[in-house]
Amino acid sequence: MSKGYVITGNSFQAGQTVSIKQGGQMILPSDISQTKGNNEAVEALCIKTQNGFQIIPRVVDVKKLYIEATTVCNFACTTCIRNSWQDDLAHMEWSVFERIAQSLDLLPALECVHFGGFGEPFSHPRFLEMLKTIKSRGLRTEVITNGSLLSAEVINKLIDLKLDMIFVSLDGPDEEEYCHIRQGADFHGVLDNLKLLNEIKAQRGVRYPELGIEFVATKDNYHKLPTLAKLVRELKARRMIVTNVLPYNEEMKDQILYDIDDTGTPFGNDAMLMVQAQMPHIKLRTERHCKFVEDRAMVINNKGFVSPCYALMHSYNCYIYGRIKEMYPFYLGNVAKELLDHIWTEPIYINFRRAVNDFQFPSCTDCKFMDGCSYVDNNDSDCWGNSPSCAECLWSRQLIACP
């Protein structure tokens, strides 16, 4: 997020629009006509703070876009958010995607589009067209998938499109562990698809798409991390992301690892040569950071609604240290009605990013007054007056991770 200017005095009002010239010179609304034709002037939002006012430039500086092409999936995983929501399972309508594509040219700082969310992207009947549209803009393009639909035909098309990165969720390095989590899935079928990906890339003499592996760690599968590391190298993956499980049903609530001993090496003594490994924290720590805000990212769900992060895309229940919490979505607009550059620079979105960037939220998870506090029942609000509240976000604690 753009760094704001802090000023003192009574000349401004919260919510007021001002302009800023190079060097930080302020121009009040009454003088805003002076900025016409002046390319140095930038429109900004005036926000009331404890120390005066903060002036935040209204700059379209989105760098990463997450798109949920669908909520439909051909797997039934015990770790999936769909175990606790009532949302419709549906593909993104093509008209909604066309509106997204229309907005891309209005995001001058955009670098990467990641297709993910809570469905299997390749189940969308026009998903390859989506990838082609994004790549035609010269943008880095990534996908996360369960890997089951990667046929030779699809792989060749991905190479033709020059897809940059494909992440595959692989929550077990062997059939027993994998099928325990991904019920009804074919472990060897997915593994064969990934080997086929490498074979076709070698035949065609290309490096892309690069392969990444994502692993959701639970008490049941954590001991398999050394085996996973070996498999990752065998599959010639360039990245590996390990995340803690966020339980979405009571069955999984006792599978969390957040308080185990984290002083050892989870991969044993076998070094992760040539692999970029991303590990989560295992214990609750004081510092909190929002990957989505710091990466200047925005998220679009399958209905076209814009949220600031994955956690606020849908309505669902989750378990925080064994305690159920109801999560409400937070939508800042819908791309079917408003273009993305406008949504990004709306005062409500700017103010939300400011609050999260400073992380002005209580730490409910380890608060001594948590027992009996109704604020922790859901994310609607907190005792500091935030709505919605990010006070118990496990992504910000770096316990939960995503590409």
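This is a predicted model, so every value here is computed, not measured.

Would you mind going over the overall build of the protein chain with me for this structure?
Helix and strand content of the protein chain: 9 helices and 19 strands. The proportion of buried residues among the 403 residues of the protein chain is 55%. Sequence separation of 24 or more characterises 71% of the internal contacts of the protein chain that already satisfy a separation of 6 or more.

I keep staring at the side chain of E142 and nothing clicks. Help me out?
Among the secondary structure elements, E142 is positioned in strand β9 (residues 140–145). At a separation of 2.9 Å, a polar atom in the side chain of E142 contacts the side chain of H114. The contacts of E142, once residues within four sequence positions are left out, are K64, C112, V113, H114, F115, L163, M165 and F167.

So what exactly am I meant to see when it comes to the pairing of strand β8 (residues 112–115) here?
Looking along a regular strand, one sees the side chains alternate between the two faces of the sheet. Here β8 shows a buried face lined by C112 and H114 and a second buried face lined by V113 and F115. One ladder, built from 4 bridges, connects strand β6 (residues 64–67) with β8; its direction is parallel. Pairing of Y66 across the sheet is with H114, part of β8. In this structure, β8 lies alongside β9, joined through 4 bridges in parallel fashion. For V113, the partnering residue across the bridge sits in β9 and is T141. Handedness of the crossover joining β8 and β9 through helix α2 (residues 127–135) is recorded here as right-handed.

Explain the side chain of N198 to me, please; I cannot follow it from the model alone.
Mapping N198 onto the fold places it in helix α5 (residues 187–204). N198 gets classed as buried once you look at its relative accessible area, which sits at 15%. Excluding residues within four positions of it along the chain, N198 makes contact with L235 and K236.

I keep staring at the packing of aromatic side chains and nothing clicks. Help me out?
In this description, a pair of aromatic rings is defined by centroid distance and the angle of the planes. Under the definition given, this model contains 15 aromatic pairs. Considering the side-chain rings of W85 and F118, the 6.4 Å spacing of their centres and the 85° angle between planes classify their relative orientation as edge-to-face. With W85 in the loop between β7 (76–77) and α1 (94–104) and F118 in the loop between β8 and α2, this residue pair connects regions lying 33 residues apart in the sequence. With respect to class, W85 is no different from F118; both count as buried. An aromatic cluster of three or more residues is present, and its members are Y66, W85, F118, F292 and Y310. If you follow R126 out to its NZ or CZ, it ends over the ring of W94, 3.8 Å from the centre. Above the face of the W344 ring, R353 is positioned so that its terminal group lies 3.7 Å from the ring centre.

Cut-offs and rules
Residues numbered from 1 in each chain as written. Predicted model: local features only at pLDDT ≥ 70, side-chain atom pairs only at ≥ 80, totals over all residues. Heavy atoms only, no water. Helix = DSSP H or I, 4+ residues; strand = E, 2+ residues; numbered from the N terminus. Buried < 20%, exposed > 50% of the residue type's maximum accessible area, 1.4 Å probe, protein only. Contact = heavy atoms within 4.5 Å. Polar contact = N/O pair within 3.5 Å; in protein donor to acceptor, adjacent residues only side chain to side chain. Pairing = 2+ DSSP bridges. Right-handed = clockwise from strand over helix to strand, strands pointing away. Phe/Tyr/Trp six-rings, centres within 6.5 Å; stacked < 30°, edge-to-face > 60°. Lys NZ or Arg CZ within 6 Å of the ring centre and 35° of its normal.

So, to be careful, I would describe these as geometric facts and stop short of saying anything about function.
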